[in-house]
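Geometric and topological summary
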Amino acid sequence: MPNYTPCEQICYVLKRVPAGCVVSYGQLADLAGLPGRARLAGRCLKETSQNVPWHRVVRADGKLAFPSGSEAYEDQERRLNREEVVITRGRVHMQTYNWKPDIYTILAELPF
DNA sequence: CATCTGACCTAAT
DNA sequence: GATTAGGCCAGAT
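Calculation criteria
Residues numbered from 1 in each chain as written. Chains lettered and ligands numbered in written order. Predicted model: local features only at pLDDT ≥ 70, side-chain atom pairs only at ≥ 80, totals over all residues. Heavy atoms only, no water. Near = heavy atom within 4 Å. Polar contact = N/O pair within 3.5 Å; in protein donor to acceptor, adjacent residues only side chain to side chain. Nonpolar A, V, L, I, M, F, W, Y, C, P; charged D, E, K, R; others polar. Helix = DSSP H or I, 4+ residues; strand = E, 2+ residues; numbered from the N terminus. Buried < 20%, exposed > 50% of the residue type's maximum accessible area, 1.4 Å probe, protein only. Arc of directions from axis to C-beta. Contact = heavy atoms within 4.5 Å. Phe/Tyr/Trp six-rings, centres within 6.5 Å; stacked < 30°, edge-to-face > 60°. Salt bridge = Lys/Arg side-chain N within 4 Å of Asp/Glu carboxyl O.

1. Describing the protein's contact with DNA strand C
- Looking at DNA strand C, the residues that line it are Gly36, Arg37, Arg39, Arg43 and Arg91.
- Within the contact set of DNA strand C, a base oxygen lies 3.5 Å away from a side-chain nitrogen or oxygen of arginine 39.
- Arginine 91 is positioned with one of its side-chain polar atoms (N or O) 3.4 Å from a phosphate oxygen of DNA strand C.
- Of the residues that constitute the surface near DNA strand C, the class distribution is no nonpolar, 1 polar and 4 charged.

2. Description of the protein's contact with DNA strand B
- For DNA strand B, the set of nearby residues contains 14 residues, the closest of which are Tyr25, Arg39, Lys46, Arg59 and Ala60.
- Taking glycine 26, its main chain carries an N or O atom lying 3.4 Å from a phosphate oxygen of DNA strand B.
- At 3.3 Å from a base nitrogen of DNA strand B is found a side-chain nitrogen or oxygen belonging to arginine 43.
- Of all the elements in the fold, those that place two or more residues in the surface near DNA strand B are helix H2 (25-31) and helix H3 (38-47).
- Among the elements that make up the surface near DNA strand B, the one with the highest residue count is H3 (6 residues).
- Considered class by class, the residues forming the surface near DNA strand B number 7 nonpolar, 3 polar and 4 charged.

3. Section: H3
- Buried within H3 are the following residues: Leu40, Ala41, Cys44 and Leu45. Looking down the long axis of H3, one finds its buried residues gathered within 135 degrees of arc, a one-sided arrangement. Residues of H3 that are exposed and point more than 90 degrees away from the buried face comprise Arg39, Lys46 and Glu47.

4. With respect to the side chain of serine 24
- With respect to the element layout, serine 24 can be found in strand S1 (residues 23-24).
- If sequence neighbours within four positions are ignored, serine 24 has contacts with Val57, Val58, Arg59, Ala60, Met94 and Asn98.

5. Quick word on the packing of aromatic side chains
- Counted by the stated rule, this structure contains 1 aromatic pair.
- Measuring from ring centre to ring centre gives 6.4 Å for tryptophan 54 and phenylalanine 66, while their planes differ by 85 degrees; the resulting arrangement is edge-to-face. Placement of tryptophan 54 in the loop between H3 and strand S2 (57-58) and of phenylalanine 66 in the loop between S2 and helix H4 (71-82) is noted, with a sequence separation of 12 residues between them.

6. Section: the pattern of salt bridges
- Under the definition given, this model contains 2 salt bridges.
- Ionic pairing is found between arginine 56 and glutamate 83, a salt bridge with its closest N-O pair at 2.4 Å. One end of the pair, arginine 56, is in the loop between H3 and S2; the other, glutamate 83, is in the loop between H4 and strand S3 (87-88), and 27 residues separate them in sequence. Residue arginine 56 shares its accessibility class with glutamate 83, and that shared class is buried.
- One salt bridge connects aspartate 75 with arginine 79, and the closest N-O pair in it is separated by 3.1 Å. Of the two residues, aspartate 75 and arginine 79 are both situated in helix H4; the distance of 4 residues between them amounts to about one turn of the helix.
- Exposure remark for aspartate 75: the relative accessible area of 23% places this residue in the partly exposed category.

Structure follows, in structure tokens:
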């Protein structure tokens, strides 16, 4: 991935996450080649101007990162429900919806 | 320059 | 479950 900023790498990977699936901030960072940089993933989603499926990113335990009841929380929940992703007690069932294809498969499909 | 603050994570209590 | 501690690190104060 030549000349890509960390944030761009993260956005790139996120755009590949299909509807109906979710990934955690940490996984997103890992897949973007930035292990241990979960917080960076969060910052990027907050600051990027790119059109990315941000609502498909949740915490590692499946909980939505926003305070429950907040505007953003409700928005994310609606968007996920629209994609048939069920949320119970504020959490996504990771075992069912987590997107975790093999990292080498992803790298092999990179368009470079 | 020191400290605080996060759309975070893991491991250990 | 809930909490704590340590790791992470770019911005803001």
